[in-house]
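This is what each chain is made of:
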Amino acid sequence: MKLKLIYIDDSSSNIESLKLILEDEFNVVGAGDQSAFPSLLKDHSPHAILLDFHMPVMNGFEVYEKIVIDKNYNGCPVLFISGDIQDDNRLKAIKLGGMDFFSRSLPPQEVKFRLLSRIRLHLQSAAVLTFDNLCLDKNTFAVTIGTDLIDLTLIELRVLSFILRSQPGPISKGQLVKAIWGESSVQNLGKLSVHVSHMNTKLAAWKHEIRMRDDLVLVSKI
Amino acid sequence: MKDLAYVDDSKDNLDSVSLVLESCFNVETFQNPLSFLNVLVQKQFNAILLDVHMPLLDGFGVFERIVNEPNYNGCPIFLLSSDETDSNRLKSFEFGAVDFIGRSMMPEELIARVESKIIYFEKNSPALELGGLKLDLNNVRSYYNNIDIRLTLIEFKILFHLLKTFPEIISKESLVRKVWSNNSTLDSTIYTHIYNLNSKFKNWKYEIVIERSKGIKLLEKI
């Protein structure tokens, strides 16, 4: 399943090229200036936000200040990208809390890997995991699709939590079974398929579905 | 101070980098990766720094062995090298390193990068603990003195809310709303769950008590 990235840059060609680089792992929602933010945060629950540092009206830090006080901001990592990076700006970005400052001269693959590494940390610690219309809240252990509460068993919740925290995947069946039951056996692999099929029924209103293919567990769009 | 492990075959590097790190961390240095792996069997760190180029076993090799070590707590692993070429950095991120530290990095940035990842990691294994009982919120598991205790989801949620409110009392209505998301759960149902929970944690020094008209709370056994 793809992760969602909000990317603000006043150059639309920058947005297009990043979309191409990240298309396998990310849905990139691009916008040309920071005024789009309140509505972007409301409509999308991003897994990361990337900001062009040098923008005409406000610089990246000023936009950052606006984002973190927005009531719809979900706590995801905010990162900066810039053509020229001064040491003090980079340091400040990192000190602002687990973020990073990318140089445009970084190889595209590295931008992707660094983004994924930050998001992986975030998904482990996030209190609320949102993937499109599905939401798992670790404060209440409630799973909702839209406004409907979904009744899952403890094992199903464990499976879902592990799968969501491991996106964009892929996850091996063995890894998942080990996380749920402590050991990977043929018997447990069988149990996993049964649980997953029950979950897909319960989660039918979700825009995605959990699929098992060969040795892998994937989440794909219906 | 946080415990940091730093593995590097060069004595000079070990000395100079630890000098920087020691202002903020409790640093344990290893010149031999194998002796580090031996220590990891029984000790846990808040972060691990690995030199990439080592003769016996390189940083990537050590990385693989760390993640396969059952006692490894999942803490952030950094790769460190004076070879700051694109391919070396890329490979580090591909392996899952949380960050890549070039030797040309300023001391202040080195510390900021390590610190920010440690902070993330600590939020990262959300858990509630009281008197030997531990709820792992990511994996929805409960342990008593590190032994896995099987609970139903309802039992897990009850315990979760009681631990969160501890040492205060929680009203029955509020507990019901949080656990069942309704207002119509029978008293007898609640009391049955509480009775079952208390029998599952017989040796725990706390028990769940019901105070008529006031609510439910955890109380230390006399």
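Moving on, we get to the domain arrangement of chain B. Assigned domains of chain B: these are domain 1 (2–124) and domain 2 (127–220). Summarising the inter-unit geometry, the C-alpha centres of domain 1 of chain B and domain 2 of chain B are found 40 Å apart.

Here we take up the sheet that holds strand E4 (residues 78–82) of chain A. Residues and elements named next belong to chain A. Taking strand neighbours across the sheet as the criterion, the 5 strands line up as E2-E1-E3-E4-E5 in an open arrangement whose pairing is parallel. Only two strands of the sheet have a single neighbouring strand rather than two, namely strand E2 (26–31) and strand E5 (101–103). This sheet shows a mean twist of 25° between the axes of neighbouring strands, independent of strand direction. As paired strands, strand E1 (residues 3–8) and E2 are joined by 6 bridges and run parallel to one another. Following the sheet pairing, Tyr-7 is matched in E2 by Gly-30.

A few words now on the sheet that holds strand E7 (residues 134–137) of chain A. All names here are of chain A. In spatial order, the strands read E6-E7-E8-E9; together these 4 strands make up an open sheet with antiparallel pairing. Because the sheet does not close on itself, it has two edges, and the strands there are strand E6 (128–131) and strand E9 (148–150). The mean angle between the axes of side-by-side strands here comes to 25°, regardless of whether they run parallel or antiparallel. Note that strand E8 (residues 142–145) and E9 share 3 bridges and pair antiparallel.

In this section: the environment of Asp137(A). Residue and element names in this part refer to chain A. Of note, Asp-137 is situated in strand E7. C-alpha separation for the pair Asp-137 and Ala-126, spaced 11 residues apart in sequence, amounts to 9.0 Å. Apart from residues no more than four positions distant in its own chain, Asp-137 is found in contact with Ala-127, Val-128 and Ala-142.

A separate point is the nonpolar core. The biggest cluster of nonpolar side chains holds 80 residues, and the ones touching the most others in it are Trp206(A) and Trp204(B). When residues in this core are grouped by element, the largest group, 8 residues, is from helix H6 (residues 154–165) of chain A. Each residue touching Trp204(B), except ones within four places of it in the same chain, is listed here: Leu130(B), Gly131(B), Leu133(B), Tyr144(B), Leu159(B), Leu163(B), Leu218(B) and Lys221(B). Core analysis: the next-biggest nonpolar cluster, separate from the first, contains 26 residues, Met54(B), Phe60(B), Val62(B) and Leu90(B) among them.

All names here are of chain B. Taking 1.5 Å per residue, 13 residues should reach 18 Å; helix H6 (residues 153–165) reaches 18 Å between its end C-alpha atoms and fits that length. Of all 13 residues in H6, 10 are buried, a share of seventy percent or more. The set of residues buried in H6 consists of Leu-153, Glu-155, Phe-156, Lys-157, Ile-158, Leu-159, Phe-160, His-161, Leu-162 and Leu-163.

How each quantity is defined
- Residues numbered from 1 in each chain as written.
- Chains lettered and ligands numbered in written order.
- Predicted model: local features only at pLDDT ≥ 70, side-chain atom pairs only at ≥ 80, totals over all residues.
- Heavy atoms only, no water.
- Domains from an automatic or database assignment.
- Pairing = 2+ DSSP bridges.
- Helix = DSSP H or I, 4+ residues; strand = E, 2+ residues; numbered from the N terminus.
- Axes fitted to C-alpha atoms, helices over the stretch in contact; angles between N-to-C directions.
- Contact = heavy atoms within 4.5 Å.
- Core = buried A, V, L, I, M, F, W, Y, C linked by side-chain atoms within 4.5 Å.
- Buried < 20%, exposed > 50% of the residue type's maximum accessible area, 1.4 Å probe, protein only.
- Expected span 1.5 Å × (residues − 1).

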